[in-house]
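# Fold and geometry: a report
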Amino acid sequence: MTEATRVRIEQLTGDIEYIEQLGEQGGTATVYRVETKTGKYLLKTATKARYQEWLAEEAVVLEEWMQREPGFLPEYVGFLKTEQQSHLLMQWRDGITLTTALRQATSERRIQLWQAFGTYLFHFHQRATGGTSQEWLTERLVTAERYVTSVWTSGTMDLLKQLKSSCPEPIIASWIHGDCTTDNLLVATDGKLSFIDVGAMRPGDRRYDIALAISPIINDPVALDAFYEGYRFERLTTREFDYYEHGLYSFF
């Protein structure tokens, strides 16, 4: 962090008393915990063009949800863009990722966590938005093609052509997280779940969220049943799971 960036951050937070780098976030951003006299903050810094774009999208989502549903997501504080980097600042939330919680859990607690994940996602997906999933999928396929031509993804043009020719039937759109993995849910000390890393949150196809969510347990029938016990919508078909998890997600 440059001194100029620190000064701009302190204009939003007050004087920084302590700052700690927490590590890389999936290779997309460097994450810091920032402490001042008045509170704690999470700072995400991105350098590569694609990840700066994602960080800017997350800033918009956080700011919009502060108005739509205060408290649902971490509180947006500010977004700073310099010549080489972008910085997103939000209020700190205590907790561990669902990935970590699952790794540390007993067998019984692990099943409870998967059911809780399903329940949380069920309630989130009940937020209807109007329209169908087709608009979201069309936009995602256009973005995937841009990523291929920009060499920003491991997905290939051949795979993209297959996806374009085999789109699932549209369903009613709902709010989706858009990168709904266990890394992107926070488990608070009281056990409550909340989304983090929300740059892809928008009206879309809930089947994409489900596919990413259940990927680690697709061959674990006990955990899968627990997830769907919480998630009361219909189960994905094998074709739907493959389309979203092994197909579309390859580009993002």
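All of the points below concern the structure found in this document.

### Remarks on the overall build of the chain
A tally of helices and strands in the chain yields 9 helices and 11 strands. Whereas a compact globule of 252 residues would reach a radius of gyration of roughly 18 Å, the chain reaches 19 Å, a difference of no more than 12%. Scored against the burial criterion, the 252 residues of the chain give a buried share of 48%. Contacts in the chain between residues at least 24 apart in sequence constitute 66% of all its contacts with a sequence separation of at least 6. Of the roughly 12,500 Å² that the chain leaves accessible, carbon and sulfur atoms contribute 50%.

### Quick word on the packing of helix 4 (residues 107-125) against helix 8 (residues 221-230)
Packed helices, taken two at a time, are described by the angle between their axes plus the distance between the axes. For the pair helix 4 and helix 8, the least separation of the axes is 6 Å and the interaxial angle reads 35°. Of the two elements, helix 4 crosses helix 8, and the hand of that crossing is right-handed. Listed contacts from helix 8 to Arg110, Ile111, Trp114, Gln115, Phe117, Gly118, Thr119, Leu121 and Phe122 of helix 4 are Val222, Ala223, Ala226, Phe227, Glu229 and Gly230. Looking at the contact of helix 4 with helix 8, its residues break down into 9 nonpolar, 4 polar and 2 charged.

### Thoughts on the pairing of strand 2 (residues 29-36)
Among the 8 residues of strand 2, 7 are classified as buried, and the element is accordingly described as predominantly covered. Pairing of strand 2 with strand 3 (residues 40-46), which is carried by 6 bridges, proceeds in the antiparallel orientation. Among the inter-strand pairings, Tyr32 is bridged to a residue of strand 3, identified as Leu43. The turn joining strand 2 and strand 3, which pair antiparallel and follow one another in sequence, is formed by 3 residues.

Conventions we followed
Every chain is numbered on its own, with residues counted from 1 as its sequence reads. Totals for whole chains, interfaces and linings use all residues, but because this is a predicted model, local features are given only for residues with pLDDT of at least 70 and pairs of side-chain atoms are given and counted only at 80 or more. Side-chain calculation: all heavy atoms of the structure are included, whereas hydrogens and water are not. In DSSP terms, a helix is any run of H or I states spanning at least four residues, a strand is any run of E spanning at least two, and both are numbered starting from the N terminus. Radius of gyration here is computed from C-alpha atoms only, and the compact-globule reference equals 2.2 Å multiplied by the residue count raised to the power 0.38. Note on classification: 1.4 Å probe, protein chains only; a residue is buried when its accessible area is under 20% of the maximum for its type, exposed when over 50%, partly exposed between these limits. The contact criterion used is simple: two residues touch if any of their non-hydrogen atoms lie within 4.5 Å. We get accessible surface area from the Shrake-Rupley algorithm with a probe of 1.4 Å; when it comes to residues, only the shown protein chains can shield them. Convention adopted: a line fitted to C-alpha atoms gives each axis, helices being fitted over their contacting stretch, and angles between N-to-C directions are expressed from 0 to 180 degrees. What makes a crossing left-handed is the near helix being turned counterclockwise from the far one by less than a right angle; a clockwise turn instead makes it right-handed. We call Asp, Glu, Lys and Arg charged. Ala, Val, Leu, Ile, Met, Phe, Trp, Tyr, Cys and Pro are nonpolar, and the rest, Gly among them, are polar. Strand pairing is defined by DSSP finding a minimum of two bridges between the two strands.

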